[in-house]
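Architecture and fold: a report
For reference, the chains in residue letters:
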Amino acid sequence: MPDSPSPSAPTASVSAVSAPAVPPTPPVPLSALLAREDLGLRLIAGPAEPDTVIHWAHTSEMADPYPYLLGGELLLTAGVHVPDAAEGSADGTPGADRADGPPGYFDGYVARIVAAGGAALGFGLAPVHDTVPVSLVAACDAHGLPLLEVPPRTTFSGVARAVWQLMAQARLAELRRVTEAQQSLAAAAARPDPVPAVLRQLARRVNGWAALYGPEGTELAHAGRLPAPPEPPRGADRSATPAPAPRPAPDTLAAPGTGTGPGTGTGPGTPTAPGTSKAPGTGTGPGTGTGPGTPTAAGTAETSARRAPAGPPRTEHRAPAGPPQTTARAPAGPPRTDPHTPAAPATPEAVLAELAWVVRPREAQGPAPASATDAVGGVQLTAYALGSGQGFVLGVAAPRRDPGDHTIASVASVLLSLLTGEHRSAAGAAHAAALVRLLLGAAPEAVAPLLGGERWTVVHARPAGDGPAPDAVSVSALAAALGSALVDVEGDVVRVLVPGDRVPAAQPGWTLGASAPAGPHEWAAADTQAARALARARATRAALVRHGDRSALTDLVPPADAEAHAQALLAPVAGTPALTETLRTWLSLHGSWDRTAVALSVHRNTVRQRIARCAALLDTDLDDPDVRMELWFALREN
């Protein structure tokens, strides 16, 4: 039996208690167990908080159950361990069947359960006790441990079976939630705006906020809302809720044992209230060390007597703590060097940007971690380095951190790695070499072999409808879908050079125009073909228009004769490019004023005026199909 704690003996703080080893199965809310009518359990003491959870059920009649608990248990007892002495019942009547023992017995017993991380205590009625001892009820209220009354008709094995049934249901629900999230993320990756869609789905599935950071640390896109800090317990003093702790300067982040956040142990205990004191602590707050430190106002641990073990510090069944550990977080920008600069209060956005900096690859500092976590004001923050190796980082802020959310975020990070990845390796090196040679004056024919093929297709693309201008991420995703890393953005038009053996396909959310496959000496003409195909696609509201590359009647005429005839026929309008381009587009769209206006981005009256001017200068009837055919032949050859 443990001795009752003395007022002068230091007691362990909450932060010094190791976190329980939680199984992958989601825990069971205590409220769900109380809702089981077949059990008839009744909460008679302790807090009625909805977030109290149980990880398993355990039966013990040991006077000191501390060495046999892992944490998170519903401990079940019939009170066999209670020593002989007169004891009062929960309704105030004396109990003649069992004893109370030395004064303070139940206070020490409950304190040991709380120190071991027990979640709740279930006290069975009969055959030992007819009622729950009054002193046990008082001790549970004092230490904040939920106390359940187990009726005589309910066996402990029935309670344990109910816990495992609820855990199996929770496990099935969690697997279903993760599976549905994976499907929704995969569907989002196939949308016209894949990156924003994936971020939106991720934020929705974790009930939080998600952001994509670029290689320079810039936030490229985000979705969702930052979770609100958890509400204080009902009846608690809201004014006593601590504000987010200031972030220390980067050069002090690695100081071992320096308490900088609420709930961190900060050195030898000093009594702060009758019966309580600060025990030798180990720091557990965000960004702090874990060795012995110096007490600070913001970094002191919680020291209420309900979290103090009744006996000496526990050493059995625990892994050694090991040497003090430190965590250094790199800043999101240039490090501060002035030690007198006051630290700004931590915000989830700022800390998440710092975590993104931590996981971003930096050659000078060796390999970076794949992920990093932190918490600010109850908001759980995680940063994932994307596998593309280009420095993109996914940041997630959620109200909780559990295996299911981690799995969902991992799936999102894989999809974003594919969407933001750049085709490099040997092909990337060859493309870079081709660019260098072109800049140094080499002819396109000389660098074409470095690109991987002799013939290439030029594709012009614009966002469909009135979509937003293309950004770097959507352009990268389009290039990956077309199978090429040779991409250029000019205004709202994206140009992609695709190998000639690949046939460009329509892409959701984009309007495409593709040229005929062409060799290096024809790339300029192919670029013009793609531009015209894109204009026709926008005018006809088609997802993809390809320039015709089959044999035609024009092949029957010698090229020199065809070119001479075209120049002579179009000479009256050749000096005005706007007229020739309008005539070409108008003929290609079968004389449609509206579609020609859309293709040229001008008003339909402007099209009418230009066509009338062409008819006057050419002195011909543009309603005659023979004239239209001859002009179309000339425009294709000009």
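Tallying each qualifying case throughout the model produces 15 salt bridges. Linking Asp594 and Arg604 is a salt bridge whose minimum nitrogen-to-oxygen distance equals 2.6 Å. Linking Asp594 in helix 15 (residues 593-600) with Arg604 in helix 16 (residues 604-618), this pair joins segments that are 10 residues apart in sequence. Under the relative-accessibility criterion, Arg604 is labelled partly exposed at 33%. One network of salt bridges, in which partners are shared, links Glu174, Arg177, Arg400 and Asp405.

All right, on to the packing of aromatic side chains then. For the structure shown, the criterion picks out 3 aromatic pairs. Between Tyr105 and Phe106 the ring centres are 5.4 Å apart and the planes differ by 70°, which places this aromatic pair in the edge-to-face class. You'll find Tyr105 and Phe106 in the same group, each marked buried. Pairing Tyr105 with Tyr109 gives two aromatic rings, centres 6.3 Å apart and planes at 10°, and the pair type is stacked. One end of the pair, Tyr105, and the other, Tyr109, are both in helix 2 (residues 105-115), 4 residues apart, so they sit about a helical turn from each other. The same class applies to Tyr105 as to Tyr109, namely buried. The rings of Tyr105, Phe106 and Tyr109 are connected pair by pair, giving a single aromatic cluster.

Formed by 29 residues in total, the largest nonpolar core has its most connected members in Leu199, Leu202, Leu394 and Leu416. Elements with a minimum of two residues in this core: helix 4 (156-189), helix 5 (194-205), strand 10 (209-213), strand 11 (219-224), strand 14 (393-398), helix 7 (403-420) and helix 10 (472-482). Setting aside residues no more than four positions away along its own chain, Leu416 makes contact with Val195, Val198, Leu199, Leu386 and Leu394. Core analysis: the second largest hydrophobic core is formed by 23 residues, Ile113, Ala115, Leu121 and Val137 among them.

As a further point, take the sheet that holds strand 2 (residues 42-45). Reading across the sheet, the 5 strands line up as 2-9-8-5-4 and stay open at both edges, with mixed pairing between neighbours. For this open sheet the edge positions go to strand 2 and strand 4 (56-59), each flanked by a neighbour on one side alone. For this sheet the average axis-to-axis angle between neighbouring strands, irrespective of direction, equals 30°. Where strand 8 (residues 120-124) and strand 9 (residues 147-150) come together, 4 bridges link them in parallel fashion. Looking at the pairing, Phe123 lines up with Glu149 of strand 9. Sitting on the sheet, helix 4 is in contact with strand 4, strand 5 (73-77), strand 8 and strand 9, with an inclination near 165° to strand 4.

In this structure, Gln507 sits in the loop between strand 17 (493-499) and strand 18 (510-514). With relative accessibility at 15%, the residue Gln507 sits in the buried group. In this view, Gln507 contacts Leu478, Ala481, Leu482 and Leu512; residues no more than four positions away in its chain are not counted.

Quick notes on the rules
- Residues numbered from 1 in each chain as written.
- Predicted model: local features only at pLDDT ≥ 70, side-chain atom pairs only at ≥ 80, totals over all residues.
- Heavy atoms only, no water.
- Salt bridge = Lys/Arg side-chain N within 4 Å of Asp/Glu carboxyl O.
- Helix = DSSP H or I, 4+ residues; strand = E, 2+ residues; numbered from the N terminus.
- Buried < 20%, exposed > 50% of the residue type's maximum accessible area, 1.4 Å probe, protein only.
- Phe/Tyr/Trp six-rings, centres within 6.5 Å; stacked < 30°, edge-to-face > 60°.
- Core = buried A, V, L, I, M, F, W, Y, C linked by side-chain atoms within 4.5 Å.
- Contact = heavy atoms within 4.5 Å.
- Pairing = 2+ DSSP bridges.
- Axes fitted to C-alpha atoms, helices over the stretch in contact; angles between N-to-C directions.

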